[in-house]
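Notes for the structure review
What follows is each chain in one-letter form.
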Amino acid sequence: MKAYPDELVSIEVNTKGKVKPGDVITANNVEHVKHLLTEIDFKQIKEDGRKIIINDAPAATPDYLFPLDYYEASVRNAGRAGFDAGGNLVDSKGGGKWIGGAPFMDPKDAVQAYANMTYSWGRHDFAQYAIRDWDINPDGSQAYAYEFLWIELNTTNRIREPRVFKNFENLLRLNTVLFTSPQEQAGSSFLSEWYYDQSKFPELYGYMPLFRRVRQFPTNQRFEPLVPGITMFLSDAWGAGDPMLTWGNYRIVDRRPMLVGGSGRNFFEGIQPDGKPPVHGGPKGQSYWDMYMELCPEALVIDSEPTGYPRAPVGRRRVYVDARNSMLINQITYDRRGDLWKTVIATAGPKNNGKKALKNSHGHVEWGVQTFMIHDIQSNRLSRFYLAPQITGGHKTAFEADETAVYDGFLTKQALTRLGAA
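Remember, it's a predicted structure, so these values are computed and weren't measured experimentally.

So, how was this worked out
Residues numbered from 1 in each chain as written. Predicted model: local features only at pLDDT ≥ 70, side-chain atom pairs only at ≥ 80, totals over all residues. Heavy atoms only, no water. Salt bridge = Lys/Arg side-chain N within 4 Å of Asp/Glu carboxyl O. Helix = DSSP H or I, 4+ residues; strand = E, 2+ residues; numbered from the N terminus. Buried < 20%, exposed > 50% of the residue type's maximum accessible area, 1.4 Å probe, protein only. Polar contact = N/O pair within 3.5 Å; in protein donor to acceptor, adjacent residues only side chain to side chain. Contact = heavy atoms within 4.5 Å. Core = buried A, V, L, I, M, F, W, Y, C linked by side-chain atoms within 4.5 Å.

1. A look at the pattern of salt bridges
As enumerated under the stated definition, the model contains 22 salt bridges in all. Between Arg80 and Asp91 there is a salt bridge, and its shortest N-O distance comes to 2.9 Å. Of the two residues, Arg80 is situated in the loop between α4 (68–76) and β3 (81–83) and Asp91 in strand β4 (residues 89–91); the sequence distance between them amounts to eleven residues. With relative accessibility at 25%, the residue Arg80 sits in the partly exposed group. We note a salt bridge from Glu400 to Arg160, for which the minimum N-O separation is 3.4 Å. One end of the pair, Glu400, is in the loop between β21 (395–396) and α6 (403–410); the other, Arg160, is in the loop between β6 (142–154) and β7 (171–181), with 240 residues separating them in the sequence. With relative accessibility at 33%, the residue Glu400 sits in the partly exposed group. By sharing partners, the salt bridges in this structure join Asp69, Arg160 and Glu400 into a single network.

Pasting the structure below:
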């Protein structure tokens, strides 16, 4: 891990004593941390009642920044990553596809940072997220509330056995989104089959209960809401929701400290009912999650454009990435005119809040995303999401499972039909 000077690791030193751990950032004092926020974060706090709780940044140990087994694989395979002539990630020493973990622990450029983000979204071979979502109208009232299951399974670039899942050597991952509530949307689902070749568009299939069949969707469906009222697009996932070679002109435009939601204190299970974070702000006091944030010493600010999508409504994407682990801090998209459009802000960290810890079968504290919010500032519609222990249908958040059973049950077109008919 890099050593950083005090002004990059202490919020008190950075703000010359104006902000300290435990302080709450509101419209009254947000000017003191404006240089640590995106312009949309600043606008939300200054104009819409959003607040941030400042957390004391613990030591940046490996288990604070990564799932421990992912970090160990990254160290074990350090120095082996490269790109082939087509721009795809390879094991430059052993030949063939990448062999697991972060390929570039100290990314030197935007492409290396994006390889870290794209080839393993959540730093797990398998993850099943039970997500609850509320979609907020411009007047601050609730428009919709959804529950859905998000499953991602890497078929290659794995850190555990089997190194290739079901001989799917030509694929990188399978990803299913299944809506379980409310009743009118229950059974709606989407399946993305990602190729390892990042110049190829994923195959995207969906099941709509109204039509009672699976249909294949066009590539541009990645830039549309999955269900009414939600602000999330498939393209938004993890700040790297599309194959990295279908975007281009990657460039680091800045390196700077930022506030990041990396604390385990954003893991509310055992503190709030069903782990749901408290809410505040907006016209009716229910627009934003309470969020603990701390000083990240170095964020990479990366711009790119959707070069493979001539009809994409997005003109440019800017992501803010924690240089220590290449995880998304914030994403801002601009429309084709260059105007600000959407922001995606996420919290991710160890699932240990001091009162409850979620551990895996190896006894390690689990690590992953906790909450996220997506705000379309042009329409002023906002969606806020959190990982619940369980959602309608009995589906649970999990990072370990019988992967073959998950594949058969959720990650095939036949599975979508069964799930929709259930």
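2. Things to note about the side chain of Asn88
Within the element layout of this structure, Asn88 appears in the loop between β3 and β4. Of note is the side chain of Asn88, whose polar atom sits 3.1 Å from the side chain of Asp197. Within the local environment of Asn88, its side chain forms a polar contact with the backbone nitrogen of Gln198, the two atoms lying 2.7 Å apart. If we skip the residues at most four places from it in the chain, Asn88 touches Gly82, Phe83, Tyr119, Tyr196, Asp197, Gln198 and Leu245.

3. A word on the nonpolar core
The nonpolar side chains of a soluble globular protein tend to be buried with one another. By size, the foremost hydrophobic cluster in this structure holds 59 residues, and its most contacted members are Tyr129, Phe148, Trp150, Met232 and Ile302. Ranked by residue count, the leading element in this core is helix α5 (residues 110–119), at six residues. Dropping the residues within four chain positions of it, Trp150 is found in contact with Trp121, Ala127, Gln128, Tyr129, Ile131, Asn175, Thr176, Val177, Met232, Leu234, Ala237 and Trp238.

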